[in-house]
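The lines below spell out each chain.
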Amino acid sequence: MSTPTATTTTIRSRYEERVHLVSEALTSNTKLDKKAAAKVAVQILHAIDTIPEKVR
């Protein structure tokens, strides 16, 4: 008989997924480390989100 194992599921919001996506793009295309890329990703997404939808 096998022992049941507990699994941990991490749920990310859409915003967290977007930050992760932009952060990964930054780390793979620049010399930024993960922490710095995450900070820049937040700034990039904030800038994009403040652009009116019609302009995007």
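One can find the structure itself at the top, above this paragraph.
Residues numbered from 1 in each chain as written. Predicted model: local features only at pLDDT ≥ 70, side-chain atom pairs only at ≥ 80, totals over all residues. Heavy atoms only, no water.

**Considerations on the pattern of salt bridges**
Where charged atoms from two side chains of opposite charge approach closely, those side chains can pair.
Inference 1: For the coordinates displayed, the defined rule picks out two salt bridges.
Inference 2: In this structure, Arg-12 and Glu-17 form a salt bridge, with 3.7 Å as the shortest nitrogen-oxygen distance.
Inference 3: Judged by its relative accessible area of 40%, Glu-17 falls in the partly exposed class.
Inference 4: For Arg-18, the salt bridge identified is with Asp-49, shortest N-O distance 2.9 Å. Of this pair, Arg-18 sits in helix 1 (residues 14–29) while Asp-49 sits in helix 2 (residues 34–50); the two residues are 31 residues apart in sequence, bridging distant segments of the chain.
Inference 5: For Arg-18, a relative accessible area of 32% translates into the label partly exposed.
Inference 6: Residue Asp-49 is classed as partly exposed on the basis of its relative accessible area of 36%. (Salt bridge = Lys/Arg side-chain N within 4 Å of Asp/Glu carboxyl O. Buried < 20%, exposed > 50% of the residue type's maximum accessible area, 1.4 Å probe, protein only. Helix = DSSP H or I, 4+ residues; strand = E, 2+ residues; numbered from the N terminus.)

**Brief notes about the nonpolar core**
Inference 1: Within the largest apolar cluster, six residues are counted, these being Val-19, Val-22, Leu-26, Ala-37, Ala-41 and Leu-45.
Inference 2: Elements with a minimum of two residues in this core: helix 1 and helix 2.
Inference 3: When sequence neighbours within four positions are dropped, the list of residues in contact with Val-19 reads Ala-38, Ala-41, Val-42 and Leu-45. (Core = buried A, V, L, I, M, F, W, Y, C linked by side-chain atoms within 4.5 Å. Contact = heavy atoms within 4.5 Å.)

**Brief notes about helix 2**
Inference 1: Under the 1.5 Å per step criterion, the end-to-end length of helix 2 is 24 Å for 17 residues, consistent within 8% with the ideal 24 Å.
Inference 2: Those residues of helix 2 lying buried are Ala-37, Ala-41 and Leu-45. In an axial view of helix 2, the angular spread of the buried residues amounts to 70 degrees, which keeps them on one side of the axis. For helix 2, the exposed residues set more than 90 degrees away from the buried face come down to Lys-35, Lys-39, Gln-43, His-46 and Thr-50.
Inference 3: Residues of helix 2 that are buried sit in contact with helix 1. (Expected span 1.5 Å × (residues − 1). Arc of directions from axis to C-beta.)

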